[in-house]
Every structure is written in structure tokens, then in C-alpha cells.
Amino acid sequence: MSSLFSPLQLRDLQLPNRIGMPPMCQYSAIDGRVTDWHLQHYGSRAVGGAGLVIVEATAVLPEGRISHGDLGLWDDTQIEGLARIVRLIEAQGGVPAIQLAHAGRKASVGRGWEAQKTLTAAEGGWTTVAPSAIAFDGYAPPQALDANGIGQVLPAFVAAARRALQAGFKAVEIHAAHGYLLHQFLSPLSNLRTDEYGGSFANRIRLPRAVIAAVREAWPQHLPLLVRLSATDWVDGGWDAEQTIDLCRLLKTDGVDLIDVSTGGLVPGAKIPAGPGFQVPFATRIRTETGLPVAAVGLITDAAQAEAIVAGGEADLVLVGREILRNPHWPLQAAQALGVTAAWPAQYLRALPPGT
Ligand code: FNR
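A quick note: this is a predicted structure, and the numbers were derived from the prediction, not measured.

1. Here's the deal with the UniProt feature "domain: NADH:flavin oxidoreductase/NADH oxidase N-terminal" (unreviewed entry) in the chain
Right, on to step 1. Within this numbering scheme, the UniProt entry marks residues 3–337 as carrying the feature "domain: NADH:flavin oxidoreductase/NADH oxidase N-terminal" (unreviewed entry).
Right, on to step 2. Secondary structure content for residues 3–337 is 34% helix and 16% strand, while the C-alpha to C-alpha distance between its ends is 13 Å.

And the structure:
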């Protein structure tokens, strides 16, 4: 009996197994819209057997894009391309989710494989926004959001969630990790505001929590809401595990169904002890101390490792990122490695390894 290949129930939604693909930007959109690249990329991961496929960071406002290649959901014309991805994933028995994001001060840079520096006006760059006018790394300083600017963030997330529902997604993940806008509000290192959105813990969590609660309100009751958090900035005086736990307790009462537990991304140069499964203990702590279901992510690359995480109660779900980019059939091969009958598509049955 494999725990990794047991279903996971979140509200009325059942994931067929405990393997997910985490959101990973493809920087291949045009004006925020899906291109052929996305269709083959998400389609092949669904064929590969991932139970949950989380579509990459999708910007809720144009200025919230990391690069010109980011997907967006600020416009109704962006729905249909995403609906095609939904259909591809569901046709293979997977569950389609989408991450909604705003990059804040980390916006307006090159695509992932281009220079990570602020785009010039000639390159189509734009002025970024953040809780405070503190630059990330060598990027251009952002504009501190005024009351009007803050007022636009929450409805943009809600409108994007409504469009995600129209596209057919079964779960939404709010991106509050990796140093993007909502994480910038959480961390005392990037949020030096003196109004009700900065200073105390209660003030720093105010906007992220309001966004999450508003999306929960707009998202159907029978479908789950996920939140991605960086459990620590890995820097003294920054956002840390204790604050994460306190926030998660509140998010539980707000109706969040699962925390996707990552770390880092707020400041450059943080000393991160990356190694196999290095972020799993943060997920386990949240699961144990709050009772919320969690996803573990980060250097989970091996079937036995993934099985042990779920079987040992360290996490409810594992997300396999770069390894599933290298090998879209990772979940099917993990099933074989664990002695579970793998659901290879009929079209590929004549290609199965001998003895399968
Ligand atoms: C990422 N990651 C990421 N995270 C996120 O929350 N939203 C995103 O859109 C992206 N984009 C992205 C693109 C690419 C190319 C990579 C490699 C990574 C982080 C990703 O979801 C995951 O947390 C990390 O890759 C760690 O997991 P692995 O790769 O060690 O399994």
C-alpha cells in the first residue's frame, strides 16, 4: 500500500495521488496569454501522472508580472487559453490549479533565462510597486503603494480568481512567498510602513490576509484554496517560522485548505542550507502545530523519499519541481518504483519497460 498513491480529499475535490507539480514560470506568454509552449508543457505533465498540476505564477495586474513572458488573468481575453490547459489536465485525470501572483518590487525584469535586472523604458519596463520604497538587490527602487494602490490589489486578486473559475480550475493558490508582493508585506525587512499595513505582526499580515479572505469568499465553497508561504526569510530579523505558524493559525480560521510550504526569496544573499528535502521540516511543523494540511516542496526527487514524507505524516502532498521538468513521467515511474500499477496512457502501453 503506497501512501504517495493514495487520494487526498480537499473539500469536495479529490486528488488522485499525493504528487503535484509546483507552479513554475515558463516566461512564454504573450501579453499574459497562453501560447503553444504552455499546452505541451502542462499537457505532458498531466500525461506523466501528476495528481495536481499547479499552473505557474499568473499575474493579477499587468504591473504584477515578473517579466513580459508571465501569464496573466487581469483580462477576460486571457481565460480561454487557460481553459485549454484545464481541459488537457482533466482529460488525463489530473486536477488543475493555478497560482495567482503579484511580483511587487521583483517585477519588470527579464525572462528567467535573461538578465535579472530592471527593464529599461526602451525594453518596455515599468515602475514597480511595493509596501515600501526599498529596492530588491540591484533592481530599481519600487514606488511605495499609497492607499489607492493598496485598494487595487485585493479586487485584482478576486477578479483573477473569478476568471480562474471561469477557465475551469478546481483550486487556486495565492502566492504569498518568494519575496513577491504579499510576502513583501509580511516581512519586516521589506515592509517599513507606518500605517495600518506595517509595523506590528497584525499590521504586516493585514493585506495578505484580507486578500486571502476575499478570494475565499469569491471562490466556491466546495473547492479548495491553497496559499504558498515562505516559512522563513533565512535572515535574522526577517519573517520566520514562528510568525508563519501564527499566520497559518489565522488562515485556518479564514478557510484556507492547504499551505504550500516554501522558504526564502525576499532578500538576496540569504544563507540557505539547501539539500534533499530541506524545507520539509517547515511543512511538518505547520501541519503538527496548526492541523492544516500541507504540501512539502524543495529537492524532493526520489520516489522512496516522497513516499516516506507522506507515509511518515511529514506532509499531505509532495510537489516535485525541477525533477518533473527533467522528467515529465516522474509520477508514473515513481509508481513503478513503489510497486503501484501505473496508469500509463493507452497510447504508450506498447512502450512500457519489460516486466511492467
Ligand atoms: C520556480 N518556482 C516558482 N515558485 C512559485 O511559487 N511560482 C512560480 O511561478 C515559480 N516559478 C519557477 C520557475 C522555475 C523554472 C523553477 C525551477 C522554479 C519555484 C518552484 O515552484 C519550487 O518551489 C522550487 O523549484 C523548489 O522545488 P524543486 O525544484 O527543488 O522540486
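2. Topic: the side chain of Glu173
Right, on to step 1. For Glu173, the location among the structural elements is in strand S9 (residues 171–176).
Right, on to step 2. Taking the relative accessible area as the measure of exposure, Glu173 reaches 0% and is therefore buried.
Right, on to step 3. Contact partners of Glu173, with chain neighbours within four places excluded, come to Pro23, Ile54, Ile98, Gln99, Leu100, Leu226, Val227, Arg228 and Asp260.

3. Some remarks on unusual backbone geometry
Right, on to step 1. For His178, which is not glycine, the phi dihedral falls at a positive 55 degrees.
Right, on to step 2. One non-glycine residue, Leu299, lies in the positive phi region at around 50 degrees.
Right, on to step 3. Within the secondary structure, Leu299 sits in the loop between strand S12 (294–297) and helix H9 (303–311).

4. A look at the side chain of Asp316
Right, on to step 1. Position of Asp316 among the secondary structure elements: in the loop between H9 and strand S13 (317–319).
Right, on to step 2. Using a relative accessible area of 9% as the deciding quantity, one classes Asp316 as buried.
Right, on to step 3. At a separation of 2.9 Å, a polar atom in the side chain of Asp316 contacts the side chain of Arg287.
Right, on to step 4. Within the structure, Asp316 has its side chain in polar contact with the backbone nitrogen of Val294 (distance 2.8 Å).

5. Some remarks on the site of the ligand
Right, on to step 1. Lining the immediate surroundings of the ligand are 15 residues, of which Pro23, Gln99, Leu299, Gly321 and Arg322 lie closest.
Right, on to step 2. Gln99 is positioned such that a nitrogen or oxygen atom in its side chain is 2.8 Å from a nitrogen atom of the ligand.
Right, on to step 3. Contact distances for the ligand include 3.1 Å between an oxygen atom and a side-chain N or O atom of His175.
Right, on to step 4. When the ligand sits alone it has 600 Å² of accessible area, and the protein chains cover 80% of it.

6. With respect to the packing of aromatic side chains
Right, on to step 1. Enumeration according to the criterion identifies four aromatic pairs in this entry.
Right, on to step 2. Ring plane angle 90 degrees and centroid distance 5.9 Å describe the contact between Tyr27 and Trp113, whose orientation is recorded as edge-to-face. Taken together, the residues Tyr27 in the loop between strand S3 (19–21) and helix H1 (36–47) and Trp113 in the loop between strand S6 (95–101) and strand S7 (129–130) connect sequence positions 86 residues apart.
Right, on to step 3. A ring pair is formed by Phe201 and Trp239, whose centres lie 6.2 Å apart and whose planes are at 10 degrees; its orientation type is stacked. Linking Phe201 in helix H5 (residues 201–204) with Trp239 in the loop between strand S10 (225–230) and helix H7 (241–253), this pair joins segments that are 38 residues apart in sequence.
Right, on to step 4. Assessed through its relative accessible area of 23%, Phe201 is described here as partly exposed.
Right, on to step 5. Residue classification places Trp239 among the buried residues on the basis of a relative accessible area of 0%.

7. Re the pattern of salt bridges
Right, on to step 1. Tallying each qualifying case throughout the model produces 15 salt bridges.
Right, on to step 2. Taking the shortest distance from any N to any O, the salt bridge between Arg193 and Asp195 comes out at 2.8 Å.
Right, on to step 3. According to the relative accessible area criterion, Asp195 is partly exposed, its value standing at 29%.
Right, on to step 4. A salt bridge links Asp316 to Arg287; the nearest nitrogen and oxygen atoms lie 2.9 Å apart. On the criterion of sequence distance, the pair formed by Asp316 in the loop between H9 and S13 and Arg287 in helix H8 (residues 280–290) is long-range, its members being 29 residues apart.
Right, on to step 5. Here the salt bridges share partners, and the residues they tie into one network are Arg11, Arg216 and Asp257.

8. Notes on the environment of Ile174
Right, on to step 1. Tracing the chain through its elements places Ile174 in strand S9.
Right, on to step 2. Classification of Ile174 by relative accessible area gives buried; the value is 0%.
Right, on to step 3. Distance from Ile174 to Pro142, taken between C-alpha atoms, is 22 Å for residues 32 residues apart in sequence.

9. Concerning the pairing of S6
Right, on to step 1. Burial analysis of S6 places seven of its seven residues in the buried class, which makes it a mostly covered element.
Right, on to step 2. Alternating residues of S6 divide into Val95, Ala97, Gln99 and Ala101 and Pro96, Ile98 and Leu100, and every residue in both groups is buried.
Right, on to step 3. Where strand S4 (residues 52–59) meets S6, six bridges bridge the pair, whose relative direction is parallel. What sits directly across from Ala59, in S6, is Ala101.
Right, on to step 4. Across four bridges, S6 lies against S9 in parallel orientation. Residue pairing for S9: Gln99 is matched across the bridge by Glu173.

10. Some thoughts on the confidence of the model for the chain
Right, on to step 1. A residue-level look at the chain finds 100% of positions with pLDDT of 70 or above and a mean pLDDT of 97.
Right, on to step 2. When pLDDT is averaged over each element of the chain, S6 comes out on top at 99 and helix H11 (residues 330–337) at the bottom at 96.
Right, on to step 3. With a pTM of 0.98, the predicted complex shows an ipTM of 1.00.

11. Looking at H1
Right, on to step 1. Helix length check: H1 (twelve residues) gives 16 Å between terminal C-alpha atoms against 16 Å at 1.5 Å per residue, within 8%.
Right, on to step 2. Those residues of H1 that are buried are in contact with S3, S4, strand S5 (71–72), helix H2 (79–91), helix H10 (322–326) and H11.

About the thresholds
Residues numbered from 1 in each chain as written. Predicted model: local features only at pLDDT ≥ 70, side-chain atom pairs only at ≥ 80, totals over all residues. Heavy atoms only, no water. UniProt positions renumbered as here; feature names shortened; annotations may be inferred. Helix = DSSP H or I, 4+ residues; strand = E, 2+ residues; numbered from the N terminus. Buried < 20%, exposed > 50% of the residue type's maximum accessible area, 1.4 Å probe, protein only. Contact = heavy atoms within 4.5 Å. Polar contact = N/O pair within 3.5 Å; in protein donor to acceptor, adjacent residues only side chain to side chain. Near = heavy atom within 4 Å. Areas by Shrake-Rupley, 256 points an atom, 1.4 Å probe, with all protein chains shown as cover. Phe/Tyr/Trp six-rings, centres within 6.5 Å; stacked < 30°, edge-to-face > 60°. Salt bridge = Lys/Arg side-chain N within 4 Å of Asp/Glu carboxyl O. Pairing = 2+ DSSP bridges. pLDDT = per-residue confidence, 0-100. Expected span 1.5 Å × (residues − 1).

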